[in-house]
Amino acid sequence: MDRVAGKVVLVTGAGSGIGRATAKLLADEGATVIVTDINRPGGLETVQQMGGRARFEEQDTSREADWKRIIQDILACEGRLDGLVNNAGIAGPFPSTFESETVEQWQRILSINVQGVFLGCKHGVPALRSSGGGSIVNLSSLAAFLGTPNLSAYGASKGAVRQFTKTVAIDCARKGYKVRCNSVHPGVILTPMGEGIMPNDKVKDRVRGSIPIGDFGAPEDIAYGILYLISDESRFVTGAELVIDGGMNAI
Ligand SMILES: NC(=O)c1ccc[n+]([C@@H]2O[C@H](COP(=O)([O-])OP(=O)(O)OC[C@H]3O[C@@H](n4cnc5c(N)ncnc54)[C@H](O)[C@@H]3O)[C@@H](O)[C@H]2O)c1
């Protein structure tokens, strides 16, 4: 019940799917959660569903001004920041091969999935340090390990998050910041994004059949991994990749 008791944690993109499940689980385990999303109704709905302490702020994670405002507000209202979950992300149009992808689509996906994570680390780390240390979790994907012919920019963006996470982890560790940074790699999870890449039941059955464990993941399956990485149970874990995918990456 109290695995993250007393911690203040920011979860981006928490108006839906994995972010929403994570925000709810962290609050159930004793954290104060700042729910942010570009989608105001979704974020407010998450806060309404939560039993614990939570509040919503609108944020576009690709915008530096939004990061400065959110971090300032957290330090002013909660007085500290102990955890940051860089979860917000988009898949972009499906399918998008490298031959059909436009420069505009490519830049939009990278501005949210990569620049958003970079800005979160850049502005989150000083706040975590000033609170005595903390933990960052960056949402990458199984896509960081495999070719993704129908999601070309998305795969590239998640590969970047996987690598950048290790850079932040090592830099912070060597500088004695007491800030850990790890990446989480979901397989196919039933959220609006996950459903979006499976246009019909035939495709869904085919994808399900390719998962060794025999079924899709639920948002809560990912939330439990994030909870561990935010909690002090993982105090010796940094620069790691937590794959939660029903076995797909082991084939
Ligand atoms: N669902 C999957 O199968 C899967 C697999 C691997 C990785 N992931 C990753 O997990 C994370 C969450 O995905 P999900 O499946 O819950 O997706 P989702 O679409 O259900 O939720 C994503 C949330 O991010 C928000 N968002 C989008 N752009 C934003 C921005 N610029 N600023 C702030 N918020 C923004 C959306 O409004 C939405 O509420 C993403 O980073 C995604 O790439 C998901």
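Residues numbered from 1 in each chain as written. Predicted model: local features only at pLDDT ≥ 70, side-chain atom pairs only at ≥ 80, totals over all residues. Heavy atoms only, no water.

Remarks on the site of the ligand
Here's step 1: Residues in close proximity to the ligand total 29 residues, the closest being S16, D37, N87, Y154 and T191.
Here's step 2: Contacts to the ligand include N87, whose backbone N or O atom sits 2.8 Å from an oxygen atom.
Here's step 3: Separating an oxygen atom of the ligand from a backbone N or O atom of G187 is a distance of 3.3 Å.
Here's step 4: In isolation the ligand has 830 Å² of accessible area, and contact with the protein removes 92% of it. (Near = heavy atom within 4 Å. Polar contact = N/O pair within 3.5 Å; in protein donor to acceptor, adjacent residues only side chain to side chain. Areas by Shrake-Rupley, 256 points an atom, 1.4 Å probe, with all protein chains shown as cover.)

Observations concerning the environment of P219
Here's step 1: Locating P219 in the fold gives a position in helix 8 (residues 219–230).
Here's step 2: Among all residues touching P219, those that are not within four sequence positions of it are G17, I18, A21, I189, L190 and T191. (Helix = DSSP H or I, 4+ residues; strand = E, 2+ residues; numbered from the N terminus. Contact = heavy atoms within 4.5 Å.)

Overview of the side chain of S131
Here's step 1: Structurally, S131 can be placed in the loop between helix 4 (103–130) and strand 5 (134–139).
Here's step 2: Residue S131 is classed as buried on the basis of its relative accessible area of 13%.
Here's step 3: At 2.9 Å, the side chain of S131 and the backbone nitrogen of L81 are in polar contact. (Buried < 20%, exposed > 50% of the residue type's maximum accessible area, 1.4 Å probe, protein only.)

Quick look at unusual backbone geometry
Here's step 1: Residues F94 and P95 are joined by a peptide bond in cis, for which omega reads -5°.
Here's step 2: Residue placement: P95 occurs in the loop between strand 4 (83–86) and helix 4.

Topic: the packing of helix 1 (residues 17–28) against helix 8
Here's step 1: The N-to-C vectors of helix 1 and helix 8 enclose an angle of 50°; their axes lie 8 Å apart at closest approach. Considering the angle they form, helix 1 stands oblique to helix 8. The two elements helix 1 and helix 8 cross, and the hand of that crossing is right-handed. Contacts between helix 1 and helix 8 involve G17, I18, A21, T22, L25 and L26 from the first element and P219, E220, I222, A223, Y224, I226, L227 and I230 from the second.
Here's step 2: Residues that form the contact of helix 1 with helix 8 fall into these classes: 11 nonpolar, 2 polar and 1 charged. (Axes fitted to C-alpha atoms, helices over the stretch in contact; angles between N-to-C directions. Parallel < 35°, antiparallel > 145°, perpendicular 65-115°, else oblique. Left-handed = near helix turned anticlockwise from the far one by under 90°. Nonpolar A, V, L, I, M, F, W, Y, C, P; charged D, E, K, R; others polar.)

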